[in-house]
Amino acid sequence: MANTILVGAQWGDEGKGKIIDVLTEQADIVVRTQGGNNAGHTVYLGETKYVLHLIPSGILRPKKTCVIGNGVVIDPVNLVGEIDGLLKQGISVNGNLFISETAHLVLPYHRELDEQREILKGKNKIGTTKRGIGPAYGDKAARTGLRMIDLINADRFEALLRIRIKENNEVLKAFGAKPLSFAKVHAEYRKAGDRLKPFVTNTVVYLHKATRRKAEILFEGAQGTFLDIDHGTYPFVTSSNTTSGGACTGSGVAPNRMNRVVGVMKAYTTRVGEGPLPTENQEIADMLHKMGREFGATTGRARRCGWFDSVATRHASMVNGIDEIAVTNLDGLDTLDTIKACIGYRVGSERLDYIPNDIEVLAKCEPIYAEFPGWKTPTHEVREWKKLPAKARSYLKAIAELSGAKLTIASVGPARAQTIFV
Ligand code: GDP
Ligand code: IMO
Ligand code: MG
């Protein structure tokens, strides 16, 4: 398989977890490189549903090794909860999970500040997951963060945490929020630190040694291209580089060791949280929600839905260097008479074929659509490309071509088997 970076090519929740699980079969190691437990990656094994937040989706295959890289922000208490949750579902992480020493910690004041800043923004809120992700990455950039290596060093952690809680309590007081108890946070985090210590290592060295023995690595992206802190619809983004470059900085594996980039996209578009979504369409949202689909895996919020947007996915191909496309949720469109895909934007008298950087201009963009005839046949039982309805194949080929990369996977259901290799 060679070293593969998998990214979300839209606004997150593209079905990355499912595709990672499928591709893990050919990989030796799966690495998460950015984001935190704002992510929710769903994987089904048979009838059992697993939702992964921090642990790579590759963990469900027992012989594979999973790594949480240096670029991830870790809420250690939450991670222990995730490990215990997996254990209850019969999945062990012993011996096959490594956590980077230099990954930054999400602390309770990050979560509290995330919440307070959203309240202060009022109607201009981002709609974050309230997991403390923005404030944690903020501390990392400000060089005031604590890392896993600090957490597992009892004396150092105590001294650093004391200072950080003191400072952040002043900020929380200014917001009118309740200050945190050092003793409580310290006890809770030290307990989690002791549980996680056996997993903590120098993952950069581990990955380099693995590369030398020709191990093949799959880099599991979280969120999506338009939630990228640099390339997304700022400020309605997350706080990490969700695009392919983040896989290098977030793991310590160099760009010239990467062999391919797979972009995952839904056959339509969804977004959870605030910010512009040019192809948003309430009828599509109602249809999908009635089917019980498109509710957030982390927060349970109903996702906003719309038609496929090839202006966005073409942009995603450009900034990520997408070689191959995996289209998921094709089956979501099975009942429609006509399917639309956005092929350009109109703003006033101007036509755009790229995503404008000015968020106010993006909010004014009117999609220009191409129409495709619906196939009006269930696809969830199809397993071969040739057996897909001809109209579904035409639609898939068209959206891949519009997105500027080769279609290699079409997904027609959440299960492993519901995957068509093109
Ligand atoms: P991720 O964050 O990119 O991993 O995606 P999520 O897990 O948050 O959301 C994707 C949802 O779509 C999950 O409920 C998946 O089980 C589901 N899913 C993935 N691929 C398909 C598909 O081809 N068809 C259907 N019906 N569901 C899918
Ligand atoms: P996966 O990996 C979809 C969104 C939030 C909000 C914005 C900022 O499952 O695709 P944050 O909590 O990160 O500060 O929120 O980003 N968001 C996601 N949307 N899927 C995700 O992850 C997301 N992670 C964050 O809804 O709009
Ligand atoms: Mg998700």
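Here's a quick rundown of the structure. What you see is a predicted model; the values in this text were computed from it and never measured. (Residues numbered from 1 in each chain as written. Chains lettered and ligands numbered in written order. Predicted model: local features only at pLDDT ≥ 70, side-chain atom pairs only at ≥ 80, totals over all residues. Heavy atoms only, no water.)

### Examining the pattern of salt bridges
The tally for this structure, following the rule as stated, stands at 21 salt bridges. For Arg195, the salt bridge is made with Asp84, and the minimal N-O distance between the two is 2.8 Å. Taken together, the residues span a long stretch of sequence, with Arg195 in helix α7 (residues 182–196) and Asp84 in helix α2 (residues 76–88) at a distance of 111 residues. Judged by relative accessible area, which is 39%, Arg195 ranks as partly exposed. (Salt bridge = Lys/Arg side-chain N within 4 Å of Asp/Glu carboxyl O. Helix = DSSP H or I, 4+ residues; strand = E, 2+ residues; numbered from the N terminus. Buried < 20%, exposed > 50% of the residue type's maximum accessible area, 1.4 Å probe, protein only.)

### Topic: the site of ligand 2
In the vicinity of ligand 2 lie 20 residues, with Lys16, His41, Thr129, Gln223 and Thr238 positioned nearest. In this structure, an oxygen atom belonging to ligand 2 sits 2.6 Å away from a side-chain N or O atom of His41. Here an oxygen atom of ligand 2 sits 2.9 Å away from a polar atom, N or O, in the side chain of Arg301. Protein contacts shield 98% of the accessible area of ligand 2, which totals 550 Å² for the unbound molecule. One can see that ligand 2 is located within the largest pocket. Looking at the shell around ligand 2, its residues break down into seven nonpolar, 10 polar and three charged. (Near = heavy atom within 4 Å. Polar contact = N/O pair within 3.5 Å; in protein donor to acceptor, adjacent residues only side chain to side chain. Areas by Shrake-Rupley, 256 points an atom, 1.4 Å probe, with all protein chains shown as cover. 1 Å grid on protein atoms, 1.4 Å probe; cavity = no way out; pocket = protein on both sides within 12 Å on 5 of 7 lines; lining within 4 Å. Sits in = over half its atoms within 2 Å of the grid points. Nonpolar A, V, L, I, M, F, W, Y, C, P; charged D, E, K, R; others polar.)

### Focus: the nonpolar core
Core analysis: the largest hydrophobic core is formed by 66 residues, its most contacted members being Ile29, Leu330, Tyr395 and Leu396. No other element matches helix α13 (residues 390–403), which puts six residues into this core. In this structure, this core is formed jointly by two domains, domain 1 (4–100 + 199–262) and domain 3 (265–421), each of which donates at least three residues. Among the nonpolar cores identified, the runner-up in size contains 51 residues, and Val43, Val80, Leu97 and Leu196 belong to it. (Core = buried A, V, L, I, M, F, W, Y, C linked by side-chain atoms within 4.5 Å. Domains from an automatic or database assignment.)

### A look at empty space enclosed by the protein
This model, assessed by the stated rule, comprises one cavity of 30 Å³ or more. In terms of lining residues, the largest cavity is bounded by 13 residues, among which Thr33, Gly221, Thr242, Thr243 and Ala247 are the most central. Of all elements in the fold, only β1 (4–8), β10 (217–220) and α9 (245–249) reach the threshold of two or more residues within the lining of the largest cavity. Of the residues forming the lining of the largest cavity, the biggest block, three residues, is contributed by β1. (Points joined across faces, edges and corners; volume = space filled by probe spheres on them.)

### Observations regarding the side chain of Thr279
Mapped onto the fold, Thr279 is located in the loop between β12 (269–271) and α10 (282–290). Given the relative accessible area of 0%, Thr279 is considered buried. At 2.7 Å, the side chain of Thr279 forms a polar contact with the backbone oxygen of Trp307. Setting aside anything within four residues of it in sequence, one finds Thr279 in contact with Thr269, Gly306, Trp307, Phe308, Asp309, Cys342, Pro367 and Tyr369. (Contact = heavy atoms within 4.5 Å.)

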